[in-house]
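Listed below, chain by chain, are the residues.
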Amino acid sequence: MKKIAALLLATVLMFSLSVVAFAESSPLTETELQAKYKELAGTSINVYNWGEYISDGSEGVMNVNEEFEKLTGIKVNYTTYDTNEAMYTKLKSGGAAYDIVIPSDYMIERLLDEGYLQKINFDNIPNYKNIMDEYKGLYYDPTDEYSVPYNVGMVGVIYNKTMVKGNPTSWSLMWDKEYKGQVLQFNNPRDGFATAMFMMGIDVNTHDEAEWQKAYRMLIEQKGVVQSYVSDEIFNKMESGAAAISAYYAGDYLLMKDNNPDLEFFYPEEGTNIFVDAICIPKSSQNKEAAELYINFLLSEEVALANAEYLYYATPNKAVLENEDYSLKDNQILYPDKENMPKVQYYHNLDQETLSLMTSLWSELKIEGTSNTAVYIKLGVTAGIALAVIIYTTIKKKKREKLYDV
């Protein structure tokens with residue numbers, strides 16, 4: 001269950017999202033804003049976001065996309081992905097034209113390097129004033145021209161206190177053979193490799209092949225205790241007690257704990273990843289101005305507050321943090337004080353050679369250790385199909401020979 005406070009908050013926020021309220025944060029007059037809506041009404045935008053990453057109307061909370069549609073007359077076509085890499089592949093394929101994508105920092109750096117993003121017109125985003133200075137000018141977009149911060153988070157380890165002994169503090173918990181078959185690992189290479197690299201003291205942005213190979217061997221060793229590699233499936237597995245240990249994002253842990261109070265969390269003592277997910281407009285956008293209105297809407301205090309209460313991620317929006325109704329502002333997992341702040345490192349984009357190496361090693365990891373039985377079954381099925389084709393072809397050939405035999 002989401003916090004009851006989020007339900008009460010949603011009721012108030014839906015009434016507050018009037019055209020007048022939205023216009024007050026814009027340099028445009030209400031008449032000009034209405035004219036802009038009228039001009040764009042009936043058009044649509046294609047939004048591509050992480051799964052479970054927007055207040056969607058479930059359990060009585062605000063449905064952000066529906067509220068935007070009501071306000072502007074612009075239809076939101078909303079689809080989701082489960083990893084940065086899946087989003088990148090889809091964008092690179094050109095199979096769909098997206099107006100909004102929300103990648104993580106290192107992926108934004110890659111998309112910029114490869115020319116997939118376009119500059120944002122911030123004249124259409126007056127609510128950008130709500131973004132805190134500490135999340136501006138970051139390495140992946142140093143001139144603040146291509147992205148707008150959406151959420152902030154860190155990676156930690158979730159464990160079930162009824163299934164795990166003591167008070168663990170290290171990444172090594174995910175390699176503990178005592179919990180064989182009860183450990184979940186990330187189903188994406190960047191986060192997966194990082195769990196091993198942080199534990200081993202390796203720079204997660206290294207270009208040294210030998211260090212990637214060391215991390216790979218550590219992940220091979222871990223595979224003996226891993227139940228499965230997960231993305232959004234982690235929610236069911238950890239909430240139900242089907243697994244005992246997993247690395248994942250702090251905000252998602254808080255959601256899981258609402259449904260299973262036996263879950264605990266720690267930031268590993270060896271260090272961990274800090275990330276910023278930010279809103280971008282791809283060059284493939286067919287409705288850039290409407291996309292900018294959508295970004296401005298997301299940054300408004302009312303909507304950003306609804307998202308922060310629903311998602312449980314740290315917000316870069318100072319209007320939310322200053323709002324007395326925000327129930328999570330003192331949460332030490334989302335906003336640790338100086339004494340409790342873990343050692344953190346951002347992921348950076350990797351050069352193409354290192355990216356290829358990481359992808360190749362991850363593919364090997366996922367197939368390494370496939371049982372001989374499974375291999376034999378696959379070979380048997382293939383052989384059976386081949387035999388059936390030969391028999392069918394032979395029978396047809398004999399029938400033709402018989403038909404034309406005079």
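Tallying each qualifying case throughout the model produces seven cavities of 30 Å³ or more. There is about 290 Å³ of room inside the largest cavity. Along the wall of the largest cavity there are 26 residues; nearest its centre are Trp50, Asp82, Tyr248, Tyr249 and Tyr313. Elements supplying a minimum of two residues to the lining of the largest cavity: helix H5 (84-93), helix H7 (189-200), strand S7 (245-249) and strand S9 (272-279). Per element, the largest residue contribution to the lining of the largest cavity is three residues, and it comes from S9. The class makeup of the residues in the lining of the largest cavity is twelve nonpolar, six polar and eight charged. Taken as a whole, the second largest cavity holds about 110 Å³ of empty space. In terms of lining, the second largest cavity is formed by Ile131, Pro149, Tyr150, Asn151, Leu298, Leu299, Ala304, Asn307, Ala308, Thr315, Pro316 and Asn317. Elements with a contribution of two residues or more to the lining of the second largest cavity: strand S4 (148-160), helix H11 (288-299) and helix H12 (301-311). When grouped by side-chain class, the residues that make up the lining of the second largest cavity number eight nonpolar, four polar and no charged.

Membership of the largest hydrophobic core comes to 127 residues, with the highest contact counts inside it found for Phe193 and Ile245. The contact partners of Phe193, leaving out residues within four places of it in the chain, are Trp212, Ala215, Tyr216, Leu219, Met358, Leu361 and Trp362.

Here the focus is a negative patch on the surface. A contiguous patch of negative charge on the surface is contributed by Glu52, Asp56, Glu59, Asp82, Asp232 and Glu233. Of note, Glu59 is situated in the loop between strand S1 (44-50) and helix H4 (64-72). With a relative accessible area of 40%, Glu59 lands in the partly exposed category.

Once that is clear, we can look at the pattern of salt bridges. Applying the stated criterion across every chain yields a total of nine salt bridges. With its nearest N and O atoms 3.1 Å apart, the salt bridge here joins Glu114 to Arg110. By relative accessible area, Glu114 is classed as partly exposed at 32%. Of the charged contacts in the structure, one is a salt bridge between Lys257 and Glu264, with a shortest N-O distance of 3.7 Å. On the basis of relative accessible area, Glu264 is assigned to the partly exposed category, the value being 24%. One salt-bridge network, held together by shared partners, links Lys161, Lys257 and Glu264.

Aromatic ring pairs: the centre-centre distance and the angle between the two ring planes describe each pair. Going through the model one piece at a time under the given rule, you end up with 26 aromatic pairs. Relative to Tyr313, the ring of Tyr53 lies with its centre 5.2 Å away and its plane at 80°, an arrangement referred to as edge-to-face. A residue pair is termed long-range when its members are at least 10 positions apart, and Tyr53 in the loop between S1 and H4 and Tyr313 in the loop between H12 and helix H13 (318-321) qualify at 260 residues. By relative accessible area, which is 4% here, Tyr53 ends up buried. Ring geometry for Tyr249 versus Phe275: centroids 5.5 Å apart, planes at 75°, classification edge-to-face. Taken together, the positions of Tyr249 in strand S7 and Phe275 in strand S9 put the pair 26 residues apart, joining distant regions of the chain. Taken as a pair, Tyr249 and Phe275 share a single burial class, namely buried. Through pairs of rings, three or more aromatic residues link up here, namely Tyr53, Tyr150, Phe186, Phe235, Tyr248, Tyr249, Phe275 and Tyr313. The positively charged end of Arg110 is found above the aromatic ring belonging to Tyr88, 3.8 Å away from the centroid.

This part covers the pairing of S1. Every regular strand shows the same layout, with side chains that alternate between the two sheet faces. With five of its seven residues buried, S1 lies for the most part within the structure. Relative to strand S2 (residues 75-81), S1 runs parallel, the two sharing seven bridges. Opposite Ile45, over in S2, you have Val76 as the bridge partner. Where S1 meets strand S3 (residues 100-101), two bridges bridge the pair, whose relative direction is parallel. By the bridge assignment for S3, Val47 is matched with Ile100.

What counts as what
- Along each chain, residues carry numbers from 1 onward, in the same order as the chain's sequence is written.
- Selection of residues for local features in this predicted model requires a pLDDT of at least 70, selection of side-chain atom pairs for listing and counting requires 80 or more, and totals for whole chains, interfaces and linings are taken over all residues.
- The side-chain quantities take in all heavy atoms of the structure and omit both hydrogens and water.
- A cavity here means a set of points on a 1 Å grid, drawn over the protein atoms and nothing else, where a 1.4 Å probe fits but cannot get out; a pocket is an open set with protein on both sides within 12 Å along at least five of seven lines, and a residue lines either one if it has an atom within 4 Å of a point.
- Grid points are joined across faces, edges and corners, and a volume is the space filled by probe spheres set on the points.
- Strands are runs of DSSP state E lasting at least 2 residues, helices are runs of H or I lasting at least 4, and numbering of each runs from the N terminus.
- Charged residues are taken to be Asp, Glu, Lys and Arg, nonpolar residues to be Ala, Val, Leu, Ile, Met, Phe, Trp, Tyr, Cys and Pro, and polar residues to be all remaining types, Gly included.
- Among buried residues, the Ala, Val, Leu, Ile, Met, Phe, Trp, Tyr and Cys ones that are joined through side-chain atoms within 4.5 Å form a nonpolar core.
- Whether a residue is buried, partly exposed or exposed follows from its accessible area with a 1.4 Å probe, protein chains only, as a fraction of its type maximum: under 20%, in between, or over 50%, in that order.
- It only takes one pair of heavy atoms within 4.5 Å for two residues to be counted as in contact.
- Patch building starts from residues that exceed 30% relative accessible area and form no salt bridge, then joins like charges within 9 Å and nonpolar side chains (Val, Leu, Ile, Met, Phe, Trp, Tyr) within 5 Å.
- In these tables, accessible area is a Shrake-Rupley quantity obtained with a 1.4 Å probe, and a residue counts as shielded only by the protein chains included in the view.
- By definition here, a salt bridge exists when the distance from a side-chain nitrogen of Lys or Arg to a carboxyl oxygen of Asp or Glu is within 4 Å.
- Under the counting rule used here, the positive set is Lys and Arg, the negative set is Asp and Glu, and His together with the chain ends is not counted.
- Think of each charge as sitting on NZ of Lys, CZ of Arg, CG of Asp or CD of Glu.
- Think of it this way: a Phe, Tyr or Trp ring, Trp meaning its six-membered ring, pairs with another when their centres are within 6.5 Å, and the plane angle makes it stacked under 30 degrees, edge-to-face over 60, tilted otherwise.
- Charge-over-ring contacts are defined here by two conditions on Lys NZ or Arg CZ: a distance within 6 Å of the ring centre and an angle within 35 degrees of the ring normal.
- Two strands pair under a simple rule: DSSP has to find at least two bridges between them.

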